[in-house]
Amino acid sequence: KTPDQLTAFAQSVTRGSSYGGKWVTLGADIDMNKAASAYRPAGNGASHQFQGTFDGKGYTIKHLDISAGKVSYTGLFAYAGDSAALRNVNLDSLSLTSYGTYAGGSQAEVTNCYNSNLVMDTKPTEKVGGIVGYVNKAKVSDCAFDGTIAAGGITGGIAGYANYSSLLRNHAAV
């Protein structure tokens, strides 16, 4: 419900809580301009992945500003594993600056997510997308993206790189 709760959740994933078999839901819109500390992505790549279900319930996370430096896997989630599901998540006015390998990785099912007013500067990041940078053996469906991406590698409005994955009923305005 609050920016600090979202930040604490992300930190717990980074410390090793996978949330496997658990549901995490938003209970209200969250304006990250009111956060007491900077947001860092949930998890830190393959070693600490989110494995639960994150349901935004259609609420919006606004003004999320992530300056990750040279860190691979960054975004709202650094990496969502093969047992994870990301649903009904709306992001508005996300600013992401990263110079790592991927702007978000996923083996999760991603459905009904919307990202608007994104400004992303990820040069020379290799795989960048408006919803997920790298998706592997998963499905991304009913998602939309509207924003600007400045990247030096493989870039896509929905997914930068999809490996053995399904991208269904998505829309991107880049």
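Structure's up top.
Model, not experiment: these values are computed from the prediction. (Residues numbered from 1 in each chain as written. Predicted model: local features only at pLDDT ≥ 70, side-chain atom pairs only at ≥ 80, totals over all residues. Heavy atoms only, no water.)

Enquirer: How would you sum up the packing of aromatic side chains? Please name residues and give values.
Expert: Centre distance and the angle of the planes are the two values used to describe a pair of aromatic rings. In total, this model carries eight aromatic pairs according to the counting rule given. A centroid spacing of 5.2 Å and a plane angle of 80° characterise the contact between Phe 54 and Phe 77, whose relative ring orientation is edge-to-face. A residue pair is termed long-range when its members are at least 10 positions apart, and Phe 54 in strand β3 (residues 53–55) and Phe 77 in the loop between β5 (65–69) and β6 (79–80) qualify at 23 residues. An identical accessibility class is assigned to Phe 54 and Phe 77; each is buried. Feature note: the residues Phe 9, Tyr 19, Phe 50, Phe 54 and Phe 77 constitute an aromatic cluster, connected by ring pairs. (Phe/Tyr/Trp six-rings, centres within 6.5 Å; stacked < 30°, edge-to-face > 60°. Helix = DSSP H or I, 4+ residues; strand = E, 2+ residues; numbered from the N terminus. Buried < 20%, exposed > 50% of the residue type's maximum accessible area, 1.4 Å probe, protein only.)

Enquirer: Run through the sheet that holds β6, naming residues and quoting values.
Expert: Across the sheet, four strands lie side by side as β6-β10-β14-β18; this open sheet has parallel pairing. Looking at the sheet topology across the chains shown, the edges are occupied by β6 and β18 (159–163). (Pairing = 2+ DSSP bridges.)

Enquirer: Explain helix α1 (residues 3–14) to me, using residue names and the numbers behind them.
Expert: Structurally, the α-helix is built with 3.6 residues per turn, so residues lying three or four positions apart point the same way. Between its first and last C-alpha atoms α1 spans 17 Å; for 12 residues at 1.5 Å apiece the expected length is 16 Å, and the two agree. Residues of α1 that are buried: Pro 3, Leu 6, Thr 7, Phe 9, Ala 10, Ser 12 and Val 13. In the core, the buried residues of α1 are packed alongside β1 (23–25), β2 (30–31), β3 and β4 (60–62). After α1 finishes, the residue Gly 16 shows a positive phi value of roughly 120°. (Expected span 1.5 Å × (residues − 1). Contact = heavy atoms within 4.5 Å.)

Enquirer: Give me the lowdown on the pattern of salt bridges, citing residues and values where you can.
Expert: Inspection of the entire model under this criterion finds one salt bridge. Close ionic contact of Arg 169 with Asp 142 constitutes a salt bridge, the shortest N to O distance being 2.9 Å. Here Arg 169, found in the loop between β19 (166–168) and β20 (171–173), pairs with Asp 142, found in the loop between β15 (139–141) and β16 (144–150); they are 27 residues apart in sequence, far enough to count as distant. Given a relative accessible area of 58%, Arg 169 falls into the exposed group. (Salt bridge = Lys/Arg side-chain N within 4 Å of Asp/Glu carboxyl O.)

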